[in-house]
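Spelled out from the first residue to the last, the chains are:
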Amino acid sequence: MADKRQERPAHPLAQPRPRQGKRPLPPGEQFFTPGATGLRRKVERRSAAPLVFLFQLPRWIAPVALVVLLLAGFAVPSFWGGVAVLPVIGFVSWLAYMSWPSLGNGGRLLRVALLTFLILLAADRFGAF
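None of these values were measured; they are calculated from a predicted model.

**Student:** Account for the overall build of the protein chain, with residues named and values stated.
**Tutor:** Of the regular secondary structure elements, the protein chain holds five helices and zero strands. Going through the 129 residues of the protein chain one by one, you find that 19% of them count as buried. A fraction of 65% describes how many contacts in the protein chain between residues 6 or more apart in sequence connect residues 24 or more apart. Approximately 10,000 Å² of the protein chain is accessible, and the part contributed by carbon and sulfur atoms is 67%.

Printed below as a string of structure tokens:
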């Protein structure tokens, strides 16, 4: 009787299912900057795992978290407002550095302007002005 149970195929619902919610990485684009050396190469290698992790998250999580932190930075006119803006500065700086080689002059100018604004906001919250 035990032999007959082993011969029967498993029910389709008993089969392990692939993980839901995971998006495949986009095809075709290079993950690293060709010919990168030194600091850029190290940063790109260390950033590979966090970038893949962020890509696997639902698309709304990172923007919502950044907006919440930025709104806290605007709303709290004290030291804690500056602390709330620091992760936003770090994240935007990291993404700006990672995308810098593929940007045109307009994109670079926009990222520099955004980072300048965020740094001035944090400095204001820390009492520099």
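There is more to say after this.
**Student:** Quick rundown of the confidence of the model for the protein chain? Include the residues and the values.
**Tutor:** Taken over all residues, the pLDDT of the protein chain has a mean of 84, while the share at 70 or more is 76%. For the protein chain, the element scoring lowest by mean pLDDT is helix 1 (residues 2-7), at 58; helix 5 (residues 105-125) scores highest, at 96.

**Student:** Provide a residue-level description of the pattern of salt bridges, including the pertinent values.
**Tutor:** Per the counting criterion, the structure on display carries two salt bridges. R40 is the salt-bridge partner of E44, the closest N and O atoms lying 3.2 Å from each other. Placement of the pair is E44 and R40 together in helix 2 (residues 38-56), with a separation of four residues, close to one helical turn. Between D124 and R125 there is a salt bridge, with its nearest N and O atoms 2.8 Å apart. You can call D124 partly exposed: its relative accessible area is 33%.

**Student:** Go over the nonpolar core with me, naming the residues and quoting the values.
**Tutor:** Among the nonpolar cores identified, the biggest contains nine residues, and these are V85, V88, I89, V92, A96, L115, L118, L121 and A122. Listed by contribution, the elements that provide at least two residues to this core are helix 4 (79-99) and helix 5. The element contributing the most residues to this core is helix 4, with five residues. Every residue in contact with V92, bar those within four places of it in the chain, is listed here: L114, L115 and L118.

**Student:** Residue-level account of helix 2, with values.
**Tutor:** Under the 1.5 Å per step criterion, the end-to-end length of helix 2 is 28 Å for 19 residues, consistent within 8% with the ideal 27 Å. Where helix 2 bends most, the angle comes to about 40°, and this point is A48, followed within four residues by the proline P50. Turning to helix 2, its buried residues number three or more, namely R40, E44, S47, A48 and Q56. Residues of helix 2 that are buried make contact with helix 4.

**Student:** Describe the environment of F74, naming the residues involved and giving the relevant values.
**Tutor:** You can see F74 is positioned in helix 3 (residues 61-75). Taking relative accessible area as the criterion, F74 reaches 40% and is therefore assigned partly exposed. Between the C-alpha atoms of F74 and A84, which are 10 residues apart in sequence, the distance is 9.1 Å. Here F74 is in contact with F117, L121 and R125, once residues within four sequence places are set aside.

Conventions used here
- Residues numbered from 1 in each chain as written.
- Predicted model: local features only at pLDDT ≥ 70, side-chain atom pairs only at ≥ 80, totals over all residues.
- Heavy atoms only, no water.
- Helix = DSSP H or I, 4+ residues; strand = E, 2+ residues; numbered from the N terminus.
- Buried < 20%, exposed > 50% of the residue type's maximum accessible area, 1.4 Å probe, protein only.
- Contact = heavy atoms within 4.5 Å.
- Areas by Shrake-Rupley, 256 points an atom, 1.4 Å probe, with all protein chains shown as cover.
- pLDDT = per-residue confidence, 0-100.
- Salt bridge = Lys/Arg side-chain N within 4 Å of Asp/Glu carboxyl O.
- Core = buried A, V, L, I, M, F, W, Y, C linked by side-chain atoms within 4.5 Å.
- Expected span 1.5 Å × (residues − 1).
- Bend = angle between axes of the 7 residues up to and from the residue.

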